[in-house]
Protein chains: 6
Amino acid sequence: MNKWLTSLRTNTPQEGFELAIKLSQMGVKYTQPSEEVRKKLRPKYSRDADSLIFASQVIAINFQTVAAANNYWK
Amino acid sequence: MNKWLTSLRTNTPQEGFELAIKLSQMGVKYTQPSEEVRKKLRPKYSRDADSLIFASQVIAINFQTVAAANNYWK
Amino acid sequence: MNKWLTSLRTNTPQEGFELAIKLSQMGVKYTQPSEEVRKKLRPKYSRDADSLIFASQVIAINFQTVAAANNYWK
Amino acid sequence: MNKWLTSLRTNTPQEGFELAIKLSQMGVKYTQPSEEVRKKLRPKYSRDADSLIFASQVIAINFQTVAAANNYWK
Amino acid sequence: MNKWLTSLRTNTPQEGFELAIKLSQMGVKYTQPSEEVRKKLRPKYSRDADSLIFASQVIAINFQTVAAANNYWK
Amino acid sequence: MNKWLTSLRTNTPQEGFELAIKLSQMGVKYTQPSEEVRKKLRPKYSRDADSLIFASQVIAINFQTVAAANNYWK
């Protein structure tokens, strides 16, 4: 895998949230490297409420990590 | 995405809880940007007990982050 | 929403656990504000073992937050 | 509810784990207070592998709290 | 239950991971004490991808606790 | 099990994320040691959106541990 993560520091909480989204997506990408397969799955899970809630949960967990890494942008 | 998150600090725990709800919703919104699709899903998941419990779980995880960022409003 | 959460501090661990239950319920209430709908869901999820375990999990996550806020009542 | 939780401190990690089990059970009990209903559910979930794994997860989350409260029994 | 957990300290991260597995199994064992029943469940959940992922999640949560107890073996 | 985990320290956040993936896989491997069985499961779960999200969640939890062990690579 190419270099995609060099730091957990971000300038703002929003950028931190967006990094948490990136981390969540990368967890999927490492598990299913085929972009073709991932694209096929998208229409289904992005229209399934539970899948969306589960995705939001992974983002929340990663956001905890990113927020701690940034000392909560205090 | 427009600016929507500039700080994790809130004046009260309740505002912090409401920010945790916002973060949970934004996790869904980034994953499914179409408001039309999200609105269609709402009637179903908001009447499904497990979906509501899962949603409450995401809020709980985000509330951990917000509470820590506010030093638990001590 | 009216004021319902002014502090995460409680006098005892048990009161803290009960606050965690309140937080878990409020996560549901914000997502589904209709008391009528929530009452209809209750008979089903309260007789479903997995739903009860999931509910207990949300309480556990919120209890982590409340316990930290109270320095674990040390 | 009668007094059932006065402290998160335990003498040993094992007692702490058993307290985590108690907390997990109480999360269920507050949600479904009827002992009769809970007893009826037991044969099913205690023979369902996923339910058992979910139960173990709630225990793990509560054990994090109890362990932190005891400074990990260091 | 006999004594099975006297300390969260381990010599290495790998022993800590293995202790996390033990904790995860004990969460199941306390919930379903019958070894006979647990053995019957094994063929099914150990061949179900989601069950395996859920089991790995419980281990991950317990590993957080064990790692913190060992100051991350720094 | 052979030695596979001697330290939680990594040089970069990305290596830490990859270690979190390794930990998540090892949680599965300890639960289902047969490589043959695990390989059979792969085509299914790697094409199931929810399974991929669940896998990403386990990685996120383990990444919290690895990030803390590395003081968030600050």
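Residues numbered from 1 in each chain as written. Chains lettered and ligands numbered in written order. Predicted model: local features only at pLDDT ≥ 70, side-chain atom pairs only at ≥ 80, totals over all residues. Heavy atoms only, no water.

Enquirer: Please explain the overall build of chain A as it appears in this structure.
Expert: Of regular secondary structure, chain A possesses 3 helices and 0 strands. Separation between the mean location of the 11 positive side-chain charges and that of the 6 negative ones in chain A comes to 5 Å. (Helix = DSSP H or I, 4+ residues; strand = E, 2+ residues; numbered from the N terminus. Lys, Arg positive; Asp, Glu negative; His and termini not counted. Charge placed at Lys NZ, Arg CZ, Asp CG, Glu CD.)

Enquirer: How should the packing of helix α3 (residues 49–69) of chain A against helix α3 (residues 49–69) of chain F be read in this particular structure?
Expert: Packed helices, taken two at a time, are described by the angle their axes make and the gap between the axes. At their nearest, the axes of α3(A) and α3(F) sit 9 Å apart, and the two run at 10° to each other. Classed by the angle they form, the pair α3(A) and α3(F) counts as roughly parallel. Only D50(F), I53(F), F54(F), S56(F), Q57(F), A60(F), I61(F), F63(F), Q64(F) and A67(F) of α3(F) make contact with α3(A), whose side of the interface consists of S51(A), F54(A), A55(A), Q57(A), V58(A), I61(A), N62(A), Q64(A) and T65(A). Counted by class, the contact of α3(A) with α3(F) contains 10 nonpolar, 8 polar and 1 charged residues. (Axes fitted to C-alpha atoms, helices over the stretch in contact; angles between N-to-C directions. Parallel < 35°, antiparallel > 145°, perpendicular 65-115°, else oblique. Contact = heavy atoms within 4.5 Å. Nonpolar A, V, L, I, M, F, W, Y, C, P; charged D, E, K, R; others polar.)

Enquirer: Please explain the interface of chain F and chain A as it appears in this structure.
Expert: The interface of chain F with chain A comprises 27 residues on the first partner and 32 residues on the second. Summed over both sides, the interface between chain F and chain A buries roughly 2,500 Å², with carbon and sulfur atoms accounting for 67% of that surface. Seen at the junction of chain F and chain A, the total is 0 salt bridges. Where chain F packs against chain A, one counts 10 residue pairs in polar contact (both at pLDDT 80 or more). Among the secondary structure elements, those contributing two or more residues to the side of chain F that touches chain A are α1 (13–31), α2 (35–45) and α3 of chain F. A per-element tally of the side of chain F that touches chain A places α3(F) first, with 14 residues. When the residues that make up the side of chain F that touches chain A are grouped by side-chain class, the tally is 16 nonpolar, 5 polar and 6 charged. (Buried area = accessible area lost by both parts, 1.4 Å probe. Salt bridge = Lys/Arg side-chain N within 4 Å of Asp/Glu carboxyl O. Polar contact = N/O pair within 3.5 Å; in protein donor to acceptor, adjacent residues only side chain to side chain.)

Enquirer: Looking at this model, I keep getting lost on the relation of the copies chain F and chain A. Mind explaining?
Expert: Both copies of the chain are related by a screw-like operation: a rotation about an axis and a shift along it. At an RMSD of 0.0 Å, chain F and chain A line up after a rotation of 60° and a shift of 0.0 Å along the axis. Both copies of the chain, as the preceding transformation shows, are related through a six-fold rotation axis. Considering only C-alpha atoms, the residue of chain F closest to the rotation axis is I61(F), which sits at 6.9 Å. (Least-squares fit on C-alpha atoms with pLDDT ≥ 70 in both.)

Enquirer: Hey, could you run me through the relation of the copies chain E and chain D in this one?
Expert: Structural alignment of chain E on chain D gives an RMSD of 0.0 Å, achieved by rotating through 60° and translating 0.0 Å along the axis. Different-surface contact between copies: only 19% of interface residues of chain E are shared with the interface of chain D.

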